[in-house]
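# Residue-level structural notes
Spelled out, the chains give:
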Amino acid sequence: DYHKFSGCDPLVLTQRSKLQQRRAKLNQQINRELRLRTGAENLYRATTNQKVKETVSLELSFVNSNLQLLKEELEELNSSMEVYQTESEKVNVPMIPLGLKETKEIDMTIPLQDFISEHYGEDASLYMSEVKEFMDLRQAMRTPSRNDAGLELLMEYYNQLYFLDQRFFAPHRTLGVHFHWYDSLTGVPSCQRALAFEKGSVLFNIGALYTQIGARQDRSTLPGIQNAIDAFQRAAGAFLYLQENFSHAPSLDMSSPALSMLVRLMVAQVQECICERVTLTMEENDLMSNLQAAQESARVSDVYSLVLQAMSVPLLKDYVPFSWLSVVQVKTQHFRALAHYYTAAALCDCSGECTFCKGHLRKAIIRHEEALRLHGVCKMLRKMDILQEVLSYAHTRSLEKYSDIDQEDDFCEIAEAPEIQSHTYQKPDIKTPDFSSVRVTDIFHRLGPLSLFCARNRWVGRRLCLVRGEAGLGLTLRGDSPVLVAGVLPEGCAAEAGLHEGDYIVAVNGSDCRWAEHAEVVHVLKGCSERGVELDVITLLTNEVHTHKHTHVEKRAASLSPSSDRETVTQQRQGGDSDRGSTSLLNWSWRSGGGGRVTKRLGSTFSLPFGSLRESESMY
């Protein structure tokens, strides 16, 4: 059954769904205020009446005030990290997750039906089930569950967009569908006709969902830590892939600086998990274990300082939530403090060296106090009891160790402790999305094999009657799905009936054979009566007719891989939607395999050109 996945029930009020619903409502309110502001600004520029200008000016100040309040409320929602954290009773440092991009519900029924009627020449009412199936899939992907099934649902829709692009987005016309998506952090709406925008937004949500899955893991256990590492690495891969294949995004969350920052943030969170794994398995009084923990902690501090740099670039410094910035600053200080603490533990507990031990503890305490100060500055972080508990515990632990050493040896000099050189035993591995892991069937496969029946091709169809003569039918057939007329004997039966070389047989005696195998069509033709057989054939009007006539085409493996082609979506222009631009965000290519016959069934996952089926020709 195709519908093995479904989105979350929006009526089930989990903490996460409440948050997402409030975010969606705020997005709508921000959108309304932005429209009011645009209208007021236009009126202000257009009018010469001073009283009207004063009234509009007052209205603009109210609108801007409302917008500021709404954006602050949205920032508070985006700072709600606790909702996404693990429910374990163990204390873990909170991770930063992303909320999903919201999208408006759209009805593509009429545009799809019109295209089926006009381009494919089919009765569109016969494809209502397919249209509904696609619309149901899009509706479901708006509310994915926070688990593997939710990810699979987003991947399934993303892969299905490849087929939609090929079937309905022609280079010479637009489908007339507008895709509305809201910025994940500001709620500012963007609208484009480019399917690339839809693809990019879904890919962003795949990354965002991975961040939520990573944040919810119980990192007090080794399996939980490994799951978190995997999720954050995959999130980084999704954002990096989006950055490399999507340019001139209409929303700031998908701009190159924002995606670069998100990749760095995910890598830092992976590094933090790696450090947690070291400290979870370390032997408390072992010299090498403490030194390794010190180097890993220093590494985490270093990578978070890089995230801080990425968040501070001009385009992002007023965009990134203050709570995110504060968490990154806190972690930079916290893990640098831990690096000094573990170094002190190695020197004091394992080697008895106290000269540098006190110096490292002093640096640790200073860093702990700075982390606590930064935590207190941010209103949102002050509400996070978990983070407060972690910071306070680490600070107290360093103070107690310093006090113990001070009592043991009052005469021990305090040397200036050097900074800890960072090092990690496991570097983060950014994992590119594996689109082929979710196999999909083209919802509109009944339109025919995609290699022929797609939006870029045009053809003419005709019906004719073929009667067998004494010398046979007088034609050469090749391939299947659909069968190609590779040759026609001059003055033979096929030529007299009006068949031409390059025609495709799409129906025999009213029975559809677009997906039929070579042997099936031959069997029907051989068994025709004296009255002959009725054929529906099509002739391509483009140069596709030549590209489909190669005598040998490599077998194509049934797996898709993203190509390296970049796709540009034109920037949304002031005062209207952007042009559709390119038709797809990510062009896909087939992986080529060895030669040999490939059999296609009705509803098969992928379509193939005829030439991949057999090298020989058959004369009838």
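Quick caveat, the model's predicted, so the values are computed rather than measured. (Residues numbered from 1 in each chain as written. Predicted model: local features only at pLDDT ≥ 70, side-chain atom pairs only at ≥ 80, totals over all residues. Heavy atoms only, no water.)

### Some remarks on the pairing of strand β5 (residues 475-478)
Alternating residues of β5 divide into Leu 475 and Leu 477 and Thr 476 and Arg 478, and every residue in both groups is buried. By the bridge criterion, four bridges tie β5 to strand β6 (residues 483-488) in an arrangement that is antiparallel. Across the sheet, residue Arg 478 finds its bridge partner in β6, namely Leu 484. Turn length for the β5-β6 hairpin, with the two strands adjacent in sequence and antiparallel, is four residues, and the turn residue Gly 479 shows positive phi of about 70 degrees. (Buried < 20%, exposed > 50% of the residue type's maximum accessible area, 1.4 Å probe, protein only. Helix = DSSP H or I, 4+ residues; strand = E, 2+ residues; numbered from the N terminus. Pairing = 2+ DSSP bridges.)

### Some points on the confidence of the model for the protein
Taken as a whole, the protein shows an average pLDDT of 81; of its residues, 79% reach a score of 70 or greater. Looking across the protein, the model is least confident in strand β10 (residues 556-562), with a mean pLDDT of 30, and most confident in helix α8 (residues 256-281), with 97. Scored below 50 in pLDDT, residues 544-616 shows 195 contacts in the model against residues more than four places distant or in partner chains. (pLDDT = per-residue confidence, 0-100. Contact = heavy atoms within 4.5 Å.)

### A few points about the pattern of salt bridges
Two side chains carrying opposite charge are able to pair once their charged atoms lie near each other. Tallied over the full model, the rule gives 22 salt bridges. We note a salt bridge from Glu 276 to Arg 219, for which the minimum N-O separation is 2.7 Å. Pair noted here: Glu 276 is in helix α8 and Arg 219 is in the loop between α6 (195-215) and α7 (222-245), with a separation of 57 residues, a long-range link. Each of the two residues, Glu 276 as well as Arg 219, counts as buried. Sharing partners across several salt bridges, the network here consists of Asp 302, Arg 336, Lys 363, Arg 367, Glu 416 and Glu 419. (Salt bridge = Lys/Arg side-chain N within 4 Å of Asp/Glu carboxyl O.)

### So, the side chain of Lys 331
Within the element layout of this structure, Lys 331 appears in helix α10 (residues 322-350). Residues within four places of Lys 331 in sequence aside, it is in contact with Val 93, Pro 94, Met 95, Glu 272 and Tyr 304.

### A look at the packing of helix α3 (residues 109-119) against helix α5 (residues 148-168)
Here α3 crosses α5 at 45 degrees, and the two axes come no closer than 11 Å. Viewed along their axes, α3 and α5 adopt a mutual orientation that is oblique. Of the residues in α5, those in contact with Leu 112, Phe 115 and Ile 116 of α3 are Leu 164, Arg 167 and Phe 168. By residue class, the composition of the contact of α3 with α5 is five nonpolar, no polar and one charged. (Axes fitted to C-alpha atoms, helices over the stretch in contact; angles between N-to-C directions. Parallel < 35°, antiparallel > 145°, perpendicular 65-115°, else oblique. Nonpolar A, V, L, I, M, F, W, Y, C, P; charged D, E, K, R; others polar.)

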